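Secondary and tertiary structure notes
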Amino acid sequence: MRRAAGNRKGYIPLEWNEFFERKLEVKTQTENGKENLFNIYELGGGDNQVGADTNTVVLMLHGGGLSGLSFAVVAKEMKSRVGACRFLALDLRGHGDTSCADGGVLSREVLCQDVVSVVQTLFGSSTPRIVLMGHSLGGALAIHLSSQNMLPTVVALIVIDVVEGSAVAALPEMTRFLRSRPTQFKSLEDAIAWNVRSGQIRCLDSARVSVPKQVTKVSKDAGQEVYRWAVDLEQTEPYWPGWFDGISHEFLSTSIPKLLILAGINTLDKPLTVAQMQGKFQLQVIENVGHQVHEDAPEKVADIITLFMTRHRFAKKEGKPVAALMPAC
């Protein structure tokens, strides 16, 4: 059994309410009458105002195996820079505190329909304008939702570190990586320490708030308790090709403003490289980060998104000063 090292000082978990203001429970019904309960973390919902530059919802969709709390630090950073925005971080089916009747069914079609059902239940006929933001799997879902106009009030698309060509090419390596991870941890501090020390998450505060929802406590023989991965990502492998199939074409087919944030310029595939040179979307590359870009560099990502949203008049700058970064070329 592969294990991480023992307890580490300084890796004490942080609570969700140190970053978000509320947790929402949204109940939806399946076609056969079963009930799903989706968990959403909310920040800024109490100060929305109707107007030309207000009443924007930033809906955040996380990557596989993570939870809405992977956006905790960056959401707080964004909220400190813009006014009159509501930030919602959804726990996808089979992840975090969301509970679904068929939680193991993780096809793109099912996950996207979940998002649509949650938005319809939450807002009814008064859905505000939405800036749709996703990382990895969540980014692929955001692209599909936008390209198929499944959420008609989406006005902008923000995608973090997912490109079809590189994602598909990396799938074999993903299996090897998953099998190389520790299978269990002695404590939450142990799990946080491994994620930080292995470079999976490079911002300590983000690891302290997001990692606890990536693992779950289980009892072993003789009453011993350990923590194991909450989502068995190897079991989701049959869905991987469907998550990323066609997303470059879908991304470019959307007419709304688009922002792509990457951990490296070399991950761009040919269609995106050509389109970026033609100015069809904004590209920003951040150096010295891993795949979980928004967790590794939450302040830089918040600056980039703030400038993007204010330039397109989806938000107004308020609070913290924003550092301009040179766009990729």
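Coordinates for the structure precede this section.
Read on for a plain summary of the structure. (Residues numbered from 1 in each chain as written. Predicted model: local features only at pLDDT ≥ 70, side-chain atom pairs only at ≥ 80, totals over all residues. Heavy atoms only, no water.)

Quick look at the packing of aromatic side chains
Quick note on the threshold: Note on aromatic pairs: the rings of Phe, Tyr and Trp (six-membered ring only in Trp) are paired at centre separations within 6.5 Å, and the planes decide the class, stacked below 30 degrees, edge-to-face beyond 60, tilted for the rest. Note on exposure labels: buried denotes an accessible area under 20% of the residue type's maximum, exposed denotes more than 50%, and partly exposed covers the range between, all computed with a 1.4 Å probe on protein chains only. Here, a charge over a ring is recorded when the distance from Lys NZ or Arg CZ to the ring centre is within 6 Å and its angle to the ring normal is within 35 degrees.
Scanning the entire structure with this criterion turns up 7 aromatic pairs. Both rings, one in Trp-243 and one in Phe-244, keep their centres 6.2 Å apart while their planes meet at 85°; by these two values the pair is edge-to-face. Accessibility classification places Trp-243 together with Phe-244 in one group, the buried group. The side chain of Arg-181 reaches across the aromatic face of Trp-229, ending 3.8 Å from its centre. The aromatic ring of Phe-251 is capped on one face by Lys-258, whose charged end is 6.0 Å from the ring centroid.

Observations concerning the sheet that holds strand S11 (residues 282-285)
One key point about sheets: their strands pair by backbone hydrogen bonds, in either a parallel or an antiparallel sense. The condition that has to hold: At least two bridges found by DSSP between two strands is the condition for calling them paired. A helix here means a DSSP run of H or I that spans at least four residues, while a strand means a run of E at least two residues long, and both kinds are numbered starting from the N terminus. To get an axis, fit a line to the C-alpha atoms, keeping to the stretch in contact for a helix; angles then go from 0 to 180 degrees between the N-to-C directions.
Spatial ordering of the open sheet is given by S1-S2-S5-S3-S6-S7-S10-S11, a layout of 8 strands whose pairing is mixed. Either end of the sheet is taken by a strand with one partner, and the two such strands are strand S1 (22-29) and S11. In this sheet, adjacent strand axes meet at a mean angle of 20° when their direction is disregarded. Here S1 pairs with strand S2 (residues 35-43) via 8 bridges, running antiparallel. Residue pairing for S2: Arg-22 is matched across the bridge by Glu-42.

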